[in-house]
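So you can see what is in the structure, the chains are spelled out below.
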Amino acid sequence: MLTATPAAADIGLSPRRIPLSAATLTAVLSATLLACLPDLARSDWTLGTDALLRHDNNVGNAGNYDDIVGDTIVAARLSIFQLFPVGEDYSLSVGGELSGESYDRLKGLNNASLGGALAVKRKWGLGAYVPWARIGVSLARTDYNDDNRNATVYRTTLSAGERLDDRWNLWGEYAYERRAASSQPEVVPGISGDAYSQTSQKLTGNAEYALNERTFLAFGVLLRYGDVVSTAEPSLGIFTVSRAVAADPAFGPDDYAYKLTGTTLGFKVGINYSPTPHNLVGFGFERLDTHADGGNSYTKSIPEISWDYRF
Amino acid sequence: MGLPLLVKVFAAGIGMAMMIGAETAAAAALNASVMDQHGKPVADTVVSATPLDPKNALRAKPPAVVIDQVDKQFVAYVTPIYVGSRVRFPNNDNVRHQVYSFSPAKRFDLPLYAGTDAPPVLFDKPGVVVLGCNIHDWMIGYIYVSETPFFAKTVSAGTASLEDLPSGDYLVKIWHPRMNGTEEATSRRVTLTAGTPVNLEWQLTVKPTFRIPRVSGAASPGYP
């Protein structure tokens, strides 16, 4: 499934170094939870964890060559949920997840996130090869080293799909997301400083195709409309169409975050291999192409290596 | 005629013992070996022998069978049973399972349960029954409901042995979940005689497996 554009768009670097970074906090919490996993795994909870190494060649969503900054990110996530059957066709899942990202260069973008999710799923029949639909809501708090970007993320999703046969699995999802961040001091009188709050809608289509028992290909397409944050040095072209502007020390003392409205088209391809039934190793590539107000367009390419473990 | 009752009973016992002994002495054996198209042994192949003489089709009481659920998998993956058997599906995981089958040979649904709460299921029609779990889509298992009591399953070496079969003519056939072609196409007529085991070999074309991955990416919506 395609990752959300804004997750990469509204991250920042703090010029200061705090003793206990968000990433460190995540690591400590994850280690604590992992220590409890054997007991949790024996209950009726389902646990999963995944880690990711990716390179984003345009972290700040910049359009001008001089503003483009690439970085390599390590991300980890621990999720837990419980399933409650409701009648014959419905199920309710309740869960939460703890995640974190660590940037190689832009340390201020390191972040930790803690959230909860609730979803209702309907299957039209028994078994793996029946259509299904799911509606879900989630709430998460993300804490960055660069406090300007701290946000509460509200997300509603509506998804549906069907595994057609042993080889093909198809699904699509509509997502509405609001990231509520603290408004920053106005750097330009009369223009909002609330550059890190964003609202967006996203539509994705996904397919998986099994090559053999252990390997499958993944394809995804994405259409997103909504707020994007582009970090760049001041220029008239972006300034005149921005709905909010805030200082962005994460990228440098002369950089500013501009909130624009944009449309993103993207795709993702990947190949995944299961060395054991519990493990999945993946190699993926994502390409995003955004057209924002005032001709401020940018692209980003994100190759990644991932590892998933499901208890 | 004039023998005391005790002598009659003793004589009858001797006779029965002789009959049993004769039947044991007449028991035949069949050794099967199954390879795939690449010459590799095929495990989990069911080998069944149907006697052509109905008198040889012993109607033994079907044994109780257990198919376990461990680490969110059916154990065993393939289970041959005799028609009329009852199968229990204990859940040795600490998450609940909902075992079902849509197969014509047996349709059933065991609502979500833990432990040994589920009642046994009677399999009273021959055929192949595909098992699934409505919660864990990757769980799959097969029950081969045999119309003959003479069957065995190949081990990892691709071999299986059927022993203590009454001497006579049989139709022997094999079945595997991923075999290309029909079970009937593998059928062979053999004559089994006591003391002379028959060795049969098959080469199957086995289709690739596309089992649903247990982990299909963190964003996959398949589970829950």
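Residues numbered from 1 in each chain as written. Chains lettered and ligands numbered in written order. Predicted model: local features only at pLDDT ≥ 70, side-chain atom pairs only at ≥ 80, totals over all residues.

Topic: the overall build of chain B
Helices and strands together make up the secondary structure of chain B, namely 1 helix and 17 strands. Here chain B holds 224 residues, and the buried ones make up 34% of them. If you take every contact in chain B between residues at least 6 apart in sequence, the share linking residues at least 24 apart comes to 66%. (Helix = DSSP H or I, 4+ residues; strand = E, 2+ residues; numbered from the N terminus. Buried ≥ 20, exposed ≤ 12 C-beta atoms within 10 Å, placed from the backbone. Contact = placed C-beta atoms within 7 Å.)

Some words on the overall build of chain A
For chain A, the helix and strand inventory stands at 3 helices and 13 strands. Buried positions account for 41% of the 311 residues belonging to chain A. Long-range contacts, defined here as pairs at least 24 residues apart, represent 63% of the contacts in chain A between residues at least 6 apart.

Structural notes on the environment of A:Ile73
All names here are of chain A. For Ile73, the location among the structural elements is in strand S2 (residues 71-86). Judged by C-beta crowding, with 22 C-beta atoms within 10 Å, Ile73 ranks as buried. A sequence separation of 231 residues divides Ile73 from Glu304, and the C-alpha atoms of the two residues are 9.3 Å apart. Here Ile73 is in contact with Arg54, Asp56, Glu101, Ser102 and Tyr103, once residues within four sequence places are set aside.

Overview of the sheet that holds strand S17 (residues 198-203) of chain B
Residues and elements named next belong to chain B. Spatial ordering of the open sheet is given by S14-S1-S17, a layout of 3 strands whose pairing is mixed. Across the chains shown, the open sheet's two edge strands, defined by having one partner strand only, are strand S14 (159-165) and S17. Strand-to-strand, the axes of this sheet are offset by a mean angle of 15°, without reference to chain direction. Across 6 bridges, the pairing between strand S1 (residues 28-35) and S17 is parallel. Following the sheet pairing, Ser33 is matched in S17 by Glu201. (Pairing = 2+ DSSP bridges. Axes fitted to C-alpha atoms, helices over the stretch in contact; angles between N-to-C directions.)

Re the sheet that holds strand S12 (residues 140-146) of chain B
Residues and elements named next belong to chain B. Spatial ordering of the open sheet is given by S6-S12-S11-S8-S9, a layout of 5 strands whose pairing is mixed. Looking at strand neighbours, the two that pair on one side only are strand S6 (78-82) and strand S9 (108-113), the edges of this open sheet. In this sheet, neighbouring strand axes are inclined to one another by 20° on average, regardless of whether the strands run parallel or antiparallel. With 5 bridges joining them, S6 and S12 adopt parallel strand pairing. Its bridge partner lying in S12, Pro80 is registered against Tyr144.

Comments concerning the domain arrangement of chain B
It is common to report an interface's size as the accessible area lost on association of the parts. All names here are of chain B. Here chain B is described as being made up of domain 1 (28-57 + 149-208) and domain 2 (59-147). Each side of the interface is counted separately: domain 1 has 10 residues, and domain 2 has 10 residues. When contributions to the side of domain 1 that touches domain 2 are tallied by element, the ones reaching two or more residues are strand S2 (46-51) and strand S13 (151-153). It is S2 that contributes the most residues to the side of domain 1 that touches domain 2, 3 residues altogether. Broken down by class, the residue content of the side of domain 1 that touches domain 2 amounts to 6 nonpolar, 2 polar and 2 charged. (Domains from an automatic or database assignment. Nonpolar A, V, L, I, M, F, W, Y, C, P; charged D, E, K, R; others polar.)

Side note on the nonpolar core
Side chains of nonpolar character tend, in soluble globular proteins, to be buried together. By size, the foremost hydrophobic cluster in this structure holds 39 residues, and its most contacted members are B:Leu30, B:Val47, B:Ala49, B:Val87, B:Phe123, B:Ile143 and B:Leu165. For this core, the secondary structure elements donating two or more residues are S1, S2, S6, strand S10 (121-123), strand S11 (127-133), S12, S14 and strand S15 (168-175) of chain B. Shared between two domains, this core holds at least three residues of each, these being domain 1 (28-57 + 149-208) and domain 2 (59-147) of chain B. By size, the runner-up hydrophobic cluster in this structure holds 19 residues, among which are A:Val153, A:Val229, A:Ile238 and A:Val245. (Core = buried A, V, L, I, M, F, W, Y, C linked by C-beta atoms within 7 Å.)

With respect to the confidence of the model for chain B
Residue and element names in this part refer to chain B. Confidence in the prediction for chain B averages 84 pLDDT; 83% of positions are at 70 or higher. Looking over chain B, one finds the lowest element-wise mean pLDDT in helix H1 (residues 5-25), namely 37, and the highest in S6, namely 97. Contacts for the low-pLDDT stretch residues 1-25, under 50 throughout, to residues beyond four places or in other chains number 2 contacts. Scored below 50 in pLDDT, residues 218-224 shows 17 contacts in the model against residues more than four places distant or in partner chains. As a predicted assembly, this complex carries a pTM of 0.79 together with an ipTM value of 0.72. (pLDDT = per-residue confidence, 0-100.)

Concerning unusual backbone geometry
Residue and element names in this part refer to chain B. For the peptide bond that leads from Val75 to Ala76, omega is 15°, which places it in the cis range. Looking at the secondary structure, you find Ala76 in the loop between strand S5 (73-75) and S6. A positive phi is found at Asp44, a non-glycine position, where the angle reads about 65°. Judged by the 21 C-beta atoms lying within 10 Å of it, Asp44 falls in the buried class.

Some thoughts on the interface of chain B and chain A
Chain B puts 25 residues into the contact, and the matching count from chain A is 38 residues. Its residues assigned to classes, the side of chain B that touches chain A comprises 14 nonpolar, 6 polar and 5 charged.

A short note on the pairing of S1(B)
Residue and element names in this part refer to chain B. Across the two faces of S1 the burial differs, with Ala28, Leu30, Ala32 and Val34 buried and Ala29, Asn31, Ser33 and Met35 not buried at all. For S1 and S14, the ladder comprises 5 bridges, and the chain directions are antiparallel. Pairing of Leu30 across the sheet is with Leu162, part of S14.

Some thoughts on the confidence of the model for chain A
All names here are of chain A. Averaged over all residues, the pLDDT of chain A is 86; the fraction at 70 or higher stands at 86%. Ranking the elements of chain A by mean pLDDT puts helix H1 (residues 5-9) last with 38 and strand S11 (residues 256-273) first with 96. Low confidence marks residues 1-20, where pLDDT is under 50. Its contacts with residues over four positions away, or in another chain, come to 61 contacts. Predicted confidence for residues 38-43 stays below pLDDT 50, and this span has 7 contacts to residues more than four positions away or in other chains.

A word on the environment of A:Glu286
All names here are of chain A. Looking at the element boundaries, Glu286 is found in strand S12 (residues 279-292). Residue Glu286 is classed as buried on the basis of its C-beta count, with 22 C-beta atoms lying within 10 Å. Separated by 91 residues in sequence, Glu286 and Ala195 place their C-alpha atoms 25 Å apart.

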